[in-house]
6 protein chains.
Amino acid sequence: MSSADNSHIECPNFETLSLSLADGIATVSLNNPDKANAMNAAMWRELQQCFEWIDSEPGARVAILAGEGRHFCAGIDITAMADFIPRHTKDQQRINEQLRLNIKRLQGNLTAIERCRKPVLAAIQGACIGGGVDMICCADMRYASRDAYFTIKEIDLALTADVGTLQRLPHLIGRGQANELALTGRRCEADEAQQLGLVNRVYDDSAQMLDEVGKLAADIAAKSPLAIRGTKEMLLYSRDHSVEDGLNYVATWNSAMLHQQEMFKAAMSKAQTPEFED
Amino acid sequence: MSSADNSHIECPNFETLSLSLADGIATVSLNNPDKANAMNAAMWRELQQCFEWIDSEPGARVAILAGEGRHFCAGIDITAMADFIPRHTKDQQRINEQLRLNIKRLQGNLTAIERCRKPVLAAIQGACIGGGVDMICCADMRYASRDAYFTIKEIDLALTADVGTLQRLPHLIGRGQANELALTGRRCEADEAQQLGLVNRVYDDSAQMLDEVGKLAADIAAKSPLAIRGTKEMLLYSRDHSVEDGLNYVATWNSAMLHQQEMFKAAMSKAQTPEFED
Amino acid sequence: MSSADNSHIECPNFETLSLSLADGIATVSLNNPDKANAMNAAMWRELQQCFEWIDSEPGARVAILAGEGRHFCAGIDITAMADFIPRHTKDQQRINEQLRLNIKRLQGNLTAIERCRKPVLAAIQGACIGGGVDMICCADMRYASRDAYFTIKEIDLALTADVGTLQRLPHLIGRGQANELALTGRRCEADEAQQLGLVNRVYDDSAQMLDEVGKLAADIAAKSPLAIRGTKEMLLYSRDHSVEDGLNYVATWNSAMLHQQEMFKAAMSKAQTPEFED
Amino acid sequence: MSSADNSHIECPNFETLSLSLADGIATVSLNNPDKANAMNAAMWRELQQCFEWIDSEPGARVAILAGEGRHFCAGIDITAMADFIPRHTKDQQRINEQLRLNIKRLQGNLTAIERCRKPVLAAIQGACIGGGVDMICCADMRYASRDAYFTIKEIDLALTADVGTLQRLPHLIGRGQANELALTGRRCEADEAQQLGLVNRVYDDSAQMLDEVGKLAADIAAKSPLAIRGTKEMLLYSRDHSVEDGLNYVATWNSAMLHQQEMFKAAMSKAQTPEFED
Amino acid sequence: MSSADNSHIECPNFETLSLSLADGIATVSLNNPDKANAMNAAMWRELQQCFEWIDSEPGARVAILAGEGRHFCAGIDITAMADFIPRHTKDQQRINEQLRLNIKRLQGNLTAIERCRKPVLAAIQGACIGGGVDMICCADMRYASRDAYFTIKEIDLALTADVGTLQRLPHLIGRGQANELALTGRRCEADEAQQLGLVNRVYDDSAQMLDEVGKLAADIAAKSPLAIRGTKEMLLYSRDHSVEDGLNYVATWNSAMLHQQEMFKAAMSKAQTPEFED
Amino acid sequence: MSSADNSHIECPNFETLSLSLADGIATVSLNNPDKANAMNAAMWRELQQCFEWIDSEPGARVAILAGEGRHFCAGIDITAMADFIPRHTKDQQRINEQLRLNIKRLQGNLTAIERCRKPVLAAIQGACIGGGVDMICCADMRYASRDAYFTIKEIDLALTADVGTLQRLPHLIGRGQANELALTGRRCEADEAQQLGLVNRVYDDSAQMLDEVGKLAADIAAKSPLAIRGTKEMLLYSRDHSVEDGLNYVATWNSAMLHQQEMFKAAMSKAQTPEFED
């Protein structure tokens with residue numbers, strides 16, 4: 001049995017997401033195309049549940065985050081927005097305290113994508129707006145079809161974006177460009193997004209994108225999962241720590257995780273892809 | 001009265017800067033064109049005074065930083081440089097101590113641009129040299145006319161640049177490019193500057209640039225000032241803190257500053273621009 | 001005698017490196033072309049010794065890091081890899097402890113390039129693979145011939161890269177691109193490398209590259225060594241500290257290192273290059 | 001109904017803990033006195049569940065953490081220790097990876113005490129050993145009866161303590177003393193513990209201690225819960241951040257949470273204790 | 001003329017403070033004894049002005065911070081408290097924004113004591129309450145008469161203390177004790193304060209205290225001001241940075257400030273006190 | 001052969017230090033009693049060499065740092081001080097640059113004590129002055145005879161202490177006390193030093209001290225060296241990092257270093273001391 005045969009694993013069911021697992025690749029699709037995959041309360045919650053499941057399921061080695069229909073994600077569902085505003089008291093400060101906890105919970109919903117130890121590849125077509133941008137900034141790589149566009153919509157809702165874009169985007173595209181996109185809320189088309197570094201590559205259409213992203217995911221799924229997980233951990237750690245701390249951390253990590261046999265197996269098998277335990 | 005009608009506000013006068021305020025946009029121009037806007041002692045001091053005024057004036061919602069004449073800024077005025085070298089004693093260590101304080105004061109003069117809670121858009125034509133580069137790195141966005149060029153001149157004056165370029169530039173253009181510009185002091189033309197991410201966009205000439213930057217500023221001035229100020233704060237905070245710290249900070253911030261009514265007003269008024277209190 | 005006349009200085013000899021010093025420029029070449037400059041135990045050790053020598057030798061003002069033969073560097077020598085795996089005991093945890101120290105020693109070997117107070121310019125042709133990428137990320141600038149290509153090979157050896165690429169690369173090319181290169185181990189050709197910011201410039205062939213990098217090095221060697229060393233220190237410091245810490249540090253630094261006479265000498269001699277003490 | 005009347009709230013049941021709630025005070029007791037409250041797998045898990053419940057239950061304003069029987073806590077249950085050692089594979093590196101996750105889970109079990117937004121007062125009699133010390137270091141204050149003693153037992157089990165003592169203890173007693181206790185594993189009696197700052201106060205016996213700690217808890221429960229939660233947040237934040245960051249954070253926090261009416265109510269009612277909403 | 005003869009220097013006048021300068025010692029006294037030196041708006045503002053003046057006046061080498069009358073300081077003047085609550089708009093979020101700036105301004109008023117480059121010795125008798133504790137935590141050392149007591153009053157005003165105590169106190173007395181004082185608001189008498197490390201020494205009465213603190217100040221004023229300023233800078237820097245950063249910073253500092261002649265003068269004159277330039 | 005039988009190991013010889021190794025305990029004595037063990041250039045250099053040897057010698061499990069004769073250490077040898085002042089050029093800035101490197105080298109000499117992975121116990125009698133205080137602050141624990149006293153002498157030499165006291169002392173005794181000792185340079189007698197936390201324990205005389213410190217060292221030498229080294233690493237790491245970073249680091253560390261067999265051996269052998277491999 002191939003190490004990546006996942007036919008025996010049962011995926012959990014979600015109301016707002018579709019999830020499948022095959023050949024080590026978990027494919028998560030936002031699944032509310034009639035509303036352009038706007039994020040309602042259930043979707044926020046389920047995103048976290050879904051990526052925590054992928055994190056814990058050994059058979060899942062890599063994930064694709066996609067959206068059903070014409071648009072990737074229209075951002076937070078405005079009709080659901082009221083759900084996030086506390087109403088349990090009329091006391092302004094206690095409302096504020098609860099609001100802070102609500103925002104932190106929404107942040108945690110998306111951060112679960114980043115915390116998932118398996119790489120996450122976002123595949124984006126059509127609109128990617130507001131909370132959708134916060135979401136894809138948590139992925140490890142981003143790919144787009146030519147019709148994709150990105151908008152940090154929060155500013156046009158009189159909001160300071162608070163679920164991750166302002167923290168993560170500047171690490172992708174540099175601070176000058178991030179400032180402009182965040183302060184103006186203007187559209188950024190797929191080609192510009194690639195040039196800025198927001199997406200890794202642009203494909204002609206959605207079908208081609210999903211095909212190519214699937215190949216990339218398959219390529220990653222064939223590599224040593226232990227090494228892939230370690231690499232993701234180090235890339236994230238290095239974002240928030242000094243180089244010296246990062247070097248010390250990876251030396252400590254590898255003293256535990258460096259796998260001599262897999263290393264030699266990999267080194268020996270240039271011709272065909274070696275198989276690794278999950 | 002429109003919230004951005006500033007006709008009743010009197011701007012302070014400066015010796016080396018011209019300052020005007022209209023429709024929520026403060027326009028600051030370096031105003032010593034005969035010397036290519038070289039920065040003398042008065043200009044350093046007045047830049048801080050000017051941006052602290054903009055910070056505190058509710059009617060100012062966004063600022064443009066420009067330069068009169070053919071060149072944006074020739075850098076520090078060498079004839080004024082002697083003013084920054086302490087002469088009150090012959091004691092070398094006390095000179096050193098005072099020199100350190102002088103440098104920190106100059107740094108503070110420019111950091112006032114960054115600390116100004118309203119976004120600052122730099123509009124650059126012709127030469128932008130030495131201290132001029134330190135200055136524009138404190139702005140939130142940078143725009144250039146095609147004839148603009150940038151030089152980290154300090155290295156050719158046998159100086160380690162000490163008023164901000166070495167700290168801020170790498171966040172804009174990545175470290176490999178920043179290293180080269182800083183260690184060689186070579187010219188970087190407008191088109192390359194855009195490609196590197198140093199400027200956001202290049203325009204054919206100065207007139208077109210000022211026109212377009214004015215439109216951008218007007219666009220920002222029309223948005224919720226509260227959300228704009230929060231967004232700038234978060235972008236700056238995230239530069240110097242981990243993502244986790246940044247998320248915690250914005251959650252705390254928004255528990256105080258998220259403005260439900262403005263949010264709903266903004267959400268409802270897709271067709272026409274809503275008006276916000278300062 | 002010109003300040004950069006180095007004819008009287010004797011360079012140390014190395015088994016795996018060739019080192020020469022002329023006109024203030026130290027040229028280090030990986031010198032095992034028959035094995036594509038694969039890094040064996042001696043080369044790791046000697047890289048540190050060599051750059052510590054350059055750091056301490058006043059006559060060396062700038063360094064070029066190149067590779068003999070068709071390829072810059074094939075990465076760690078797999079036949080030598082066994083040398084890095086501890087065998088002094090069968091006790092797994094003591095092996096782990098020693099392995100951690102071995103990795104830290106290898107990290108230190110490369111970090112010596114970064115710690116060298118003189119700028120290091122890498123000149124890369126042909127393959128630059130695995131440990132070779134870790135190595136060039138320690139340089140201050142990177143230049144390539146058109147046939148160069150880069151591969152973060154570790155992932156295909158079932159390894160989490162642990163000698164610097166994952167910590168330093170994202171500062172050069174942004175996190176989205178760094179993630180893809182590190183997680184897929186795919187080839188990145190010279191032209192793409194330039195576009196991403198991994199290399200500063202691409203030349204038609206190796207000869208032209210060495211010629212032009214030599215001119216750049218000569219340009220840097222002619223500048224004030226004190227200012228060059230200060231600039232490198234600040235660029236590195238700013239990578240790992242907040243802007244505020246960086247500004248305070250450079251003010252303190254320059255209170256000691258700012259050299260009034262050299263500054264005036266430099267300011268006065270626009271026409272011809274001034275000469276500086278080492 | 002008094003704001004601290006909790007008679008209507010039902011507490012969850014636990015296997016290894018007893019939990020009660022009265023007058024705003026949640027009392028958690030380790031409840032396996034026959035084994036000196038040694039921490040088995042269930043107790044680790046339930047500690048987290050219990051303190052997450054206290055965190056989320058508005059009626060709980062403060063918590064007491066105590067132990068049934070003669071001893072507070074004998075540390076990790078050695079017979080349960082095998083549960084924490086991964087056995088799902090013979091692959092050493094995958095065991096290591098899983099072991100790391102297990103340790104982080106145990107850490108998280110105890111960190112829940114610290115993350116609980118309500119103050120936690122530990123009341124300690126008899127032995128407090130190994131994991132017991134890790135546990136009480138997560139509390140906000142510590143009180144002891146005269147027969148209490150403390151031992152960082154891990155070192156005598158050939159272990160580097162890994163669930164919090166080495167990180168948190170030095171903040172309580174200074175580094176010189178923490179080093180000795182951690183490296184020798186020697187007993188520290190209650191009186192010395194008070195002198196070092198490990199416990200806040202020593203009482204003659206367990207009954208007196210519980211009585212006095214109960215009064216302290218009642219005193220805290222009578223204060224504004226909003227202010228108490230904010231104070232705990234700031235004390236924790238300041239441990240891990242610079243003073244400047246801490247000041248900025250609390251200014252942002254209080255802009256949301258400062259409660260003018262409660263402040264005036266408190267200021268006016270010096271004579272009798274004012275009542276506050278949860 | 002002795003280097004510490006200050007008879008020619010004119011001190012600024014304040015409404016709420018008395019300030020004198022003699023023999024290099026600036027003595028600042030809170031001067032509103034009828035209200036137990038409660039801090040009104042003028043006192044907050046003037047504290048900053050006063051310590052900025054001391055910082056900039058070369059003739060002042062050390063400062064004593066005392067209080068006129070029976071009590072050191074009763075904390076913020078409640079009748080003045082309304083001045084700090086914004087009333088310029090009814091918009092809750094804009095009030096919040098302004099409140100945050102007001103708190104930061106009050107923080108800055110006290111931080112000026114810490115930023116003053118000359119050591120500050122607080123001399124405390126009677127009550128030291130609320131804002132008074134925030135204030136003395138900014139001093140470098142604290143001395144008390146036996147009748148002094150300390151209360152973190154904020155918690156009993158339903159407030160999260162926000163002008164420095166929660167950030168600075170734990171560095172003085174350890175976290176366990178700081179937590180208790182902050183969460184209970186209980187009185188801490190002088191003798192306990194000394195044992196905890198909050199004050200350096202307790203004297204029998206106020207007269208003796210002022211006499212002895214005056215001698216300590218005179219002792220400090222007789223030392224090299226350059227070395228004193230450097231020592232204070234390093235002690236503050238080390239609080240907020242790693243040991244490694246601190247070592248690097250002081251090496252850079254001393255390369256500028258180490259004064260060979262003063263060092264030899266000091267080394268040679270064991271018998272009598274040497275005199276130093278300001 | 002007992003694991004701690006070191007009779008076959010030859011210790012290096014030093015000019016200014018005596019070094020012996022027996023039963024796993026390396027005893028280092030400052031050995032220039034005629035000059036009260038004043039630190040000359042050789043002693044600085046040899047301290048580093050000695051502790052690097054102890055770090056690398058598996059047979060050494062713990063170290064004692066003592067001083068021959070009546071006094072522990074008189075601090076830097078003033079007659080040797082001139083050796084640290086650069087004289088290779090008259091250029092002030094190049095002198096400054098070299099001075100900075102000299103200070104960093106001296107810092108590194110002492111930091112080697114801290115970096116030594118084996119615990120270091122300082123045993124102090126008589127005078128411990130200036131550089132001697134810097135030195136003992138690098139040890140893990142400090143013990144004193146009753147006649148010992150401590151002076152941060154640098155301030156009386158018109159110096160900002162620059163080799164570690166200002167960075168490390170506040171972590172031992174709190175900031176209020178550290179400030180006073182550093183700014184006044186006053187004597188701190190052994191008993192006060194214990195009360196402040198500067199020394200762990202005071203003994204009646206030097207002989208008793210050495211006897212008891214020897215027993216403590218023997219106790220540590222009998223424990224698992226792997227666990228001892230890990231514990232020291234964590235205690236140091238936690239000083240310079242947040243609790244969260246520290247927890248993550250130790251989890252990663254122990255995933256490599258936790259030694260199941262030694263743990264069970266230790267757990268089983270309560271009665272007699274188990275023996276561990278180096």
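Note that the coordinates shown come from a computational prediction; the quantities given were computed from them, not determined experimentally.

Colleague: What is the right way to read the relation of the copies chain B and chain E from this model?
Modeller: Each of the two chain copies can be generated from the other by rotation about an axis followed by a shift along it. Superposing chain B onto chain E takes a rotation of 180° combined with a translation of 0.1 Å along the rotation axis, leaving an RMSD of 0.0 Å. Between the two chains, the operation in question is that of a two-fold axis. Comparing interface residues between copies, 100% of those in chain B also sit at the interface in chain E, which points to an isologous, same-surface contact.

Colleague: Help me understand the interface of chain B and chain C in this model?
Modeller: Many analyses report the size of an interface as the accessible area lost when the parts associate. With 34 residues of chain B in contact, the opposing surface of chain C contributes 44 residues. Secondary-structure elements contributing two or more residues to the side of chain B that touches chain C are α3 (92-115), α5 (165-173), α6 (175-184) and α9 (225-240) of chain B. No other element matches α6(B), which puts 9 residues into the side of chain B that touches chain C. Counted by class, the side of chain B that touches chain C contains 14 nonpolar, 10 polar and 10 charged residues.

Colleague: Looking at this structure, I do not really get the domain arrangement of chain A. What am I missing?
Modeller: Residues and elements named next belong to chain A. Considered domain by domain, chain A is made up of domain 1 (17-221) and domain 2 (225-268). For domain 1 and domain 2, the distance between their C-alpha centres works out to 27 Å. On the domain 2 side, the residues contacting the 8 residues of domain 1 number 6 residues. For the side of domain 1 that touches domain 2, the class distribution of residues is 2 nonpolar, 1 polar and 5 charged.

Colleague: In this structure, what is going on with the interface of chain B and chain E? I would like to understand it.
Modeller: Taken together, the 11 residues of chain B in the interface contact 11 residues of chain E. Among the elements of the structure, α3 and α10 (243-257) of chain B are those that each provide at least two residues to the side of chain B that touches chain E. Broken down by element, the residue count for the side of chain B that touches chain E peaks at 5 residues, all from α3(B). Split by residue class, the side of chain B that touches chain E holds 3 nonpolar, 3 polar and 5 charged.

Colleague: When you look at the pairing of strand β2 (residues 25-30) of chain E in this model, what are you seeing that I'm missing?
Modeller: Looking along a regular strand, one sees side chains alternate from face to face of the sheet. Residues and elements named next belong to chain E. Within β2, 6 of the 6 residues are buried, leaving the element largely enclosed by the surrounding structure. Alternating positions in β2 separate into two faces, Ile25, Thr27 and Ser29 on one and Ala26, Val28 and Leu30 on the other, with burial throughout. Two strands pair when backbone bridges link them, and strand β1 (residues 17-22) and β2 are joined in this way by 6 bridges, in the antiparallel orientation. Along β2, the bridge assignment pairs Leu19 with Val28. As consecutive antiparallel partners, β1 and β2 are separated by 2 residues, and within that stretch Asp23 has a phi angle of approximately 55°, a positive value.

Colleague: Is there a simple way to explain the confidence of the model for chain A in this structure?
Modeller: Detailed reading of predicted coordinates is not advised where the pLDDT is low. Of the residues in chain A, 97% reach a pLDDT of 70 or more, and the chain-wide mean stands at 93. Across the whole predicted complex the pTM is 0.92, and at the interface the ipTM reaches 0.95.

Colleague: Explanation requested: the relation of the copies chain B and chain C in the structure shown.
Modeller: Superposition record for chain B on chain C: RMSD 0.0 Å, screw rotation 120°, translation along axis 0.0 Å. Considering both components of the superposition, the chain copies are consistent with a three-fold axis. No C-alpha of chain B lies nearer the rotation axis than that of Gly174(B), which sits 4.3 Å from it. A low fraction, 6%, of the interface residues of chain B reappear at the interface in chain C, so the copies pair through non-equivalent surfaces.

Colleague: Quick question: what am I supposed to make of the pairing of strand β3 (residues 62-67) of chain D here?
Modeller: All names here are of chain D. Where burial is concerned, most of β3 is hidden: 6 out of the 6 residues are buried. A two-sided burial pattern is seen for β3, the buried positions comprising Val62, Ile64 and Ala66 on one face and Ala63, Leu65 and Gly67 on the other. Of the strand pairs in this sheet, strand β2 (residues 25-30) and β3 are connected by 6 bridges, and their pairing is parallel. Note that in β3 the partner of Ser29 across the bridge is Ala66. You can see the chain leave β2, run along helix α1 (residues 41-56) and come back into β3, and the turn it takes is right-handed.

Colleague: Just checking my understanding: could you explain helix α9 (residues 225-240) of chain E for this structure?
Modeller: For the α-helix, the turn length of 3.6 residues means that residues three or four positions removed from each other point alike. Taking 1.5 Å of rise per residue, the 16 residues of α9(E) would be expected to cover 22 Å, and the 23 Å separating its terminal C-alpha atoms lies within 8% of that figure. Where α9(E) is concerned, the buried positions are Pro225(E), Leu226(E), Ala227(E), Ile228(E), Gly230(E), Thr231(E), Lys232(E), Met234(E), Leu235(E) and Ser238(E). On its buried face, α9(E) is in contact with α3 of chain B, α8 (206-221) and α10 (243-257) of chain E together with α5 (165-173) and α6 (175-184) of chain F.

Colleague: Teacher, can you tell me more about the environment of Ala42(C) here?
Modeller: Residue and element names in this part refer to chain C. Within the secondary structure, Ala42 is located in helix α1 (residues 41-56). Expressed as a C-alpha distance, the spacing of Ala42 and Thr16, which sit 26 residues apart in the sequence, is 6.7 Å. Setting aside its immediate chain neighbours within four residues, Ala42 contacts Glu15 and Thr16.

Colleague: Help me out: how do you make sense of the sheet that holds strand β6 (residues 141-145) of chain D in this one?
Modeller: Where strands meet in a sheet, backbone hydrogen bonds hold them as pairs that are either parallel or antiparallel. Residues and elements named next belong to chain D. Reading across the sheet, the 6 strands line up as β1-β2-β3-β4-β6-β9 and stay open at both edges, with mixed pairing between neighbours. The outermost strands of the open sheet, each flanked by one partner alone, are β1 (17-22) and β9 (201-203). Each adjacent strand pair in this sheet contributes to an overall mean axis angle of 20°, direction not counted. Here strand β4 (residues 120-124) runs beside β6; their pairing, made up of 4 bridges, is parallel. Within the sheet, the bridge partner assigned to Ala123 lies in β6 and is Tyr143.

Colleague: Is there a simple way to explain the packing of helix α3 (residues 92-115) of chain D against helix α10 (residues 243-257) of chain F in this structure?
Modeller: Helix-helix packing is described using two parameters, namely the angle between the two axes and the distance between the axes. Close contact between α3(D) and α10(F) brings their axes to 8 Å; oriented N to C, the two are set at 145°. Considering how the two elements wind past one another, α3(D) and α10(F) form a crossing that is right-handed. Here α3(D) contributes Asn96(D), Glu97(D), Leu99(D), Arg100(D), Ile103(D), Lys104(D) and Gln107(D) to the contact with α10(F), which in turn contributes Leu247(F), Ala251(F), Thr252(F), Asn254(F), Ser255(F) and Ala256(F). Across the contact of α3(D) with α10(F), the residue classes break down as 5 nonpolar, 5 polar and 3 charged.

Scoring rules and cut-offs
- Residues numbered from 1 in each chain as written.
- Chains lettered and ligands numbered in written order.
- Predicted model: local features only at pLDDT ≥ 70, side-chain atom pairs only at ≥ 80, totals over all residues.
- Least-squares fit on C-alpha atoms with pLDDT ≥ 70 in both.
- Contact = placed C-beta atoms within 7 Å.
- Helix = DSSP H or I, 4+ residues; strand = E, 2+ residues; numbered from the N terminus.
- Nonpolar A, V, L, I, M, F, W, Y, C, P; charged D, E, K, R; others polar.
- Domains from an automatic or database assignment.
- Buried ≥ 20, exposed ≤ 12 C-beta atoms within 10 Å, placed from the backbone.
- Pairing = 2+ DSSP bridges.
- pLDDT = per-residue confidence, 0-100.
- Right-handed = clockwise from strand over helix to strand, strands pointing away.
- Expected span 1.5 Å × (residues − 1).
- Axes fitted to C-alpha atoms, helices over the stretch in contact; angles between N-to-C directions.
- Left-handed = near helix turned anticlockwise from the far one by under 90°.

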